[in-house]
Amino acid sequence: MRPPPMPSLHDLLYQRTRRVPVTQLLVIVNLLVFIAMLAGGAGLWHSSNSVQLAWGANFGPATQDGEWWRLGSAMFLHFGAVHLTLNLWALWDGGQLVERMYGHARFAGIYFASGLAGNLLSLIAHRGLAVSGGASGAIFGMYGALLVFLWRERRNLHPEEFRWFFWGAASFAGIALVLGLLVTGIDNAAHIGGFLAGILGGIVFARPIDVTKPVSRSSRLLAGCAFTFAIVILVSQIPVRAYRWSEEALARKEIGEFLRDDIAITQAWQSILDEGKQGNISFEELAGRIDTAVSDRYEESFEQLSDLPPNPALPSAATVEMLRHYAERRRDASRALAEGLRAHKPEQIRDALEMARQSRQLASPDRTEGDKPRQKNATEPGMAKPENEHQDK
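Residues numbered from 1 in each chain as written. Predicted model: local features only at pLDDT ≥ 70, side-chain atom pairs only at ≥ 80, totals over all residues. Heavy atoms only, no water.

Draft legend 1. Seen up close, empty space enclosed by the protein. Scanning the entire structure with this criterion turns up two cavities of 30 Å³ or more. Its boundaries defined by the atoms lining it, the largest cavity holds a volume of some 40 Å³. Contributing to the lining of the largest cavity are Tyr102, Phe149, Arg152, Glu153, Gly202, Ala206, Arg207 and Pro208. Partitioning the lining of the largest cavity into residue classes produces four nonpolar, one polar and three charged. Here the second largest cavity defines a volume of roughly 30 Å³. Forming the walls of the second largest cavity are Glu254, Glu257, Phe258, Asp261, Ser301, Gln304 and Leu305. Put simply, the parts of the chain that give the lining of the second largest cavity at least two residues each are helix H12 (245–278) and helix H13 (283–306). (1 Å grid on protein atoms, 1.4 Å probe; cavity = no way out; pocket = protein on both sides within 12 Å on 5 of 7 lines; lining within 4 Å. Points joined across faces, edges and corners; volume = space filled by probe spheres on them. Nonpolar A, V, L, I, M, F, W, Y, C, P; charged D, E, K, R; others polar. Helix = DSSP H or I, 4+ residues; strand = E, 2+ residues; numbered from the N terminus.)

Draft legend 2. Summary view of the confidence of the model for the protein chain. Confidence along the protein chain averages 84 in pLDDT terms, with 89% of residues attaining 70 or more. Scored below 50 in pLDDT, residues 365–388 makes 79 contacts in the model with residues more than four places away or belonging to other chains. (pLDDT = per-residue confidence, 0-100. Contact = heavy atoms within 4.5 Å.)

Draft legend 3. Structural detail: the pattern of salt bridges. Under the definition given, this model contains 13 salt bridges. When the shortest N-O distance is used, the salt bridge between Glu284 and Arg342 registers 3.2 Å. Linking Glu284 in helix H13 with Arg342 in helix H14 (residues 317–343), this pair joins segments that are 58 residues apart in sequence. Measuring nitrogen to oxygen at the nearest pair gives 4.0 Å for the salt bridge that ties Arg331 to Glu328. Separated by three residues within a single helix, Arg331 and Glu328 lie in helix H14, roughly one turn from each other. Given a relative accessible area of 10%, Arg331 falls into the buried group. (Salt bridge = Lys/Arg side-chain N within 4 Å of Asp/Glu carboxyl O. Buried < 20%, exposed > 50% of the residue type's maximum accessible area, 1.4 Å probe, protein only.)

Shown next, in the form of structure tokens:
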């Protein structure tokens, strides 16, 4: 008498868990976040670092400046439609299997633990100088847990079906990791960290098909200890932050405000000079208006720029110093002009106007962009760029 045929893996999993709400929710949330980012200024095919950072990308100076939640928020950010499509395809394709293998809560635990571990390793591997985001660290963890389940249940599956699923998943992970080594812009550190965390999570949260043969507590405990030890080691290796993101954000805010004020002050300056040429106002009145509309405002700007944290490591530090020097020169030129008008000294007036003209060269467009450190696949976060950008594909 023939033994009954082995049920297919799909049938086994569908019998124990019919619905996959966690996978569906993750796909929907990732899609909604991407749509919201598009509405907030992100590009369809490629997003700038400014948008990614505003939405919570993983970036050392920001993450290490008390914003550790970025290790989690970065899991839902994507750098373009291709990046999103690849990740959601892999999440939907593998998530349905893994959620049915482990159950809803355990699957969620594996997914988020893998994503957090991957982002932590990415922060360390890139010395905090990469702007990174994407779901692939968590997805690699999902596939690591998938391989653990298949290997443990290999005797309960048809040999051909086991080989198809196991080696298919292993090939997918292997090829993706190799591509991460060859293609610039792929964050392989997040992939590796997520994959290893998923393997350990698959052991800790093991849920055997045959409930009469439970997983030994020792293997769960050993895997849990290994995961905890790895996290402790990673935390101890977190690099010293290059600078505080809060200080850089403050500097960029002041730079933006100064550039806007400078346009208004320059317009006022030109208006006063034009009125002076018409001869409808006395030199004394002209000097008073220059003091109020130009000199005092540049003095205020100079003081505000001087009050910024004096950290030369800030990407905007050179821009701040250049604009501070520019404000000082414009203040001095306007003061000298006012004094020359009051003293009726044509030579001093000419020198002051020449000083003002020369000072304008300090704020030429190619310099007010600020220092922009090198990066792979560069995109701008405001006035300056972090050194690298890695997309989790």
